[in-house]
Amino acid sequence: MSGFNFREEAQEHLLAAAQSENGLDGGVKIEVRNLMKVTDKDVRILNKVNVDIPRGMIMGVIGPSGSGKSTFLRALNRLWEPASGSVFLDGIDICDLDVLSLRRKVGMLFQLPVLFEGTVADNIRYGPQLRGKNLSDDEVYKLLAEADLDSSFCNKSGGELSIGQAQRVALARTLANDPEVLLLDEPTSALDPISTQNIEDALVRLKKDGDMSIVIVSHSIKQIQRIADVVCLVVDGEIVEILEARHLSEAKHPLAKTFLELS
Ligand SMILES: Nc1ncnc2c1ncn2[C@@H]1O[C@H](COP(=O)(O)OP(=O)(O)OP(=O)(O)O)[C@@H](O)[C@H]1O
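Reading guide: rules and limits
Residues numbered from 1 in each chain as written. Predicted model: local features only at pLDDT ≥ 70, side-chain atom pairs only at ≥ 80, totals over all residues. Pairing = 2+ DSSP bridges. Helix = DSSP H or I, 4+ residues; strand = E, 2+ residues; numbered from the N terminus. Axes fitted to C-alpha atoms, helices over the stretch in contact; angles between N-to-C directions. UniProt positions renumbered as here; feature names shortened; annotations may be inferred.

Concerning the sheet that holds strand β3 (residues 58-62)
No. 1: Across the sheet, which stays open at both edges, the six strands sit in the order β6-β7-β8-β3-β9-β10 with mixed pairing between neighbours. A strand with exactly one partner marks an edge of an open sheet, and here the two such strands are β6 (106-109) and β10 (238-244). The sheet shows a mean angle of 20° between the axes of neighbouring strands, taken without regard to direction.
No. 2: With five bridges joining them, strand β7 (residues 181-185) and strand β8 (residues 213-217) adopt parallel strand pairing.

In structure tokens form, the structure reads like this:
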């Protein structure tokens with residue numbers, strides 16, 4: 001049996017166990033197969049990444065700076081073009097999907113929120129409007145509530161918000177597209193502890209209530225332990241280990257261990 005097969009079987013077992021613990025039927029939302037990214041100068045940023053992203057769970061992605069975490073995340077909604085046959089959403093190659101509809105299904109939140117001109121409500125209505133759908137006030141309030149904000153924010157402009165509040169508006173705006181997967185790239189690294197907790201609470205609720213699959217890159221091991229079900233450890237462009245979040249301290253890969261000890 002090759003090392004790769006062994007890792008795949010071990011991962012399948014681990015994800016199935018974690019899903020059953022969460023009362024989920026199981027299943028894979030996104031399959032990543034031999035994902036590669038090589039720069040123009042022939043530098044490998046991602047090297048044959050293989051992972052099954054489980055449905056209805058939060059997967060944390062951690063690893064040293066420059067190890068390829070953001071690059072990995074960005075492939076999942078084609079912020080760069082992965083090779084055909086390397087990323088599948090519900091079994092369909094994402095390269096065969098219309099890129100805009102892919103990004104509606106696989107929404108993304110970045111480290112720093114950038115709101116459009118206009119009010120909070122305008123921001124939230126923007127995505128559905130592009131598809132000819134006008135959200136009612138109640139629908140806007142509901143989206144704000146999902147992002148842990150009350151309806152009094154509706155008529156505020158971006159300039160009136162703290163970064164933490166703006167990040168929650170960005171989350172509500174992403175949720176307005178009714179995504180099935182949420183990708184988050186260090187979404188709380190610029191936020192204070194209370195705003196961080198608001199976002200974490202919202203993510204955990206979305207997973208529980210909405211059956212959403214969430215992938216979060218974070219530099220905070222504690223954050224990953226608080227909210228993630230499973231964790232991918234990325235080192236030098238490879239996923240070297242996948243663990244249940246509560247067993248993170250049992251990582252065996254030498255570089256992953258060193259990273260965890262120093263974090
Ligand atoms: N388009 C690109 N062209 C060349 N090099 C790139 C490109 N994108 C990323 N890199 C390099 O690839 C490596 C991985 O970058 P990436 O941002 O994915 O790492 P990361 O693990 O998210 O880092 P951090 O934790 O610091 O955000 C880095 O060395 C980065 O400089």
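Focus: the pairing of strand β2 (residues 44-54)
No. 1: In this structure, strand β1 (residues 28-38) lies alongside β2, joined through seven bridges in antiparallel fashion. Bridged to isoleucine 30 within β2 is isoleucine 53.
No. 2: Once β1 ends, the chain turns through five residues before running back antiparallel as β2, passing aspartate 42 with a positive phi of about 70°.

Looking at the UniProt feature "domain: ABC transporter" (unreviewed entry) in the protein
No. 1: The UniProt record annotates "domain: ABC transporter" (unreviewed entry) at residues 30-261.
No. 2: The span residues 30-261 shows a helical share of 35% and a strand share of 25%, and its end C-alpha atoms are spaced 30 Å apart.

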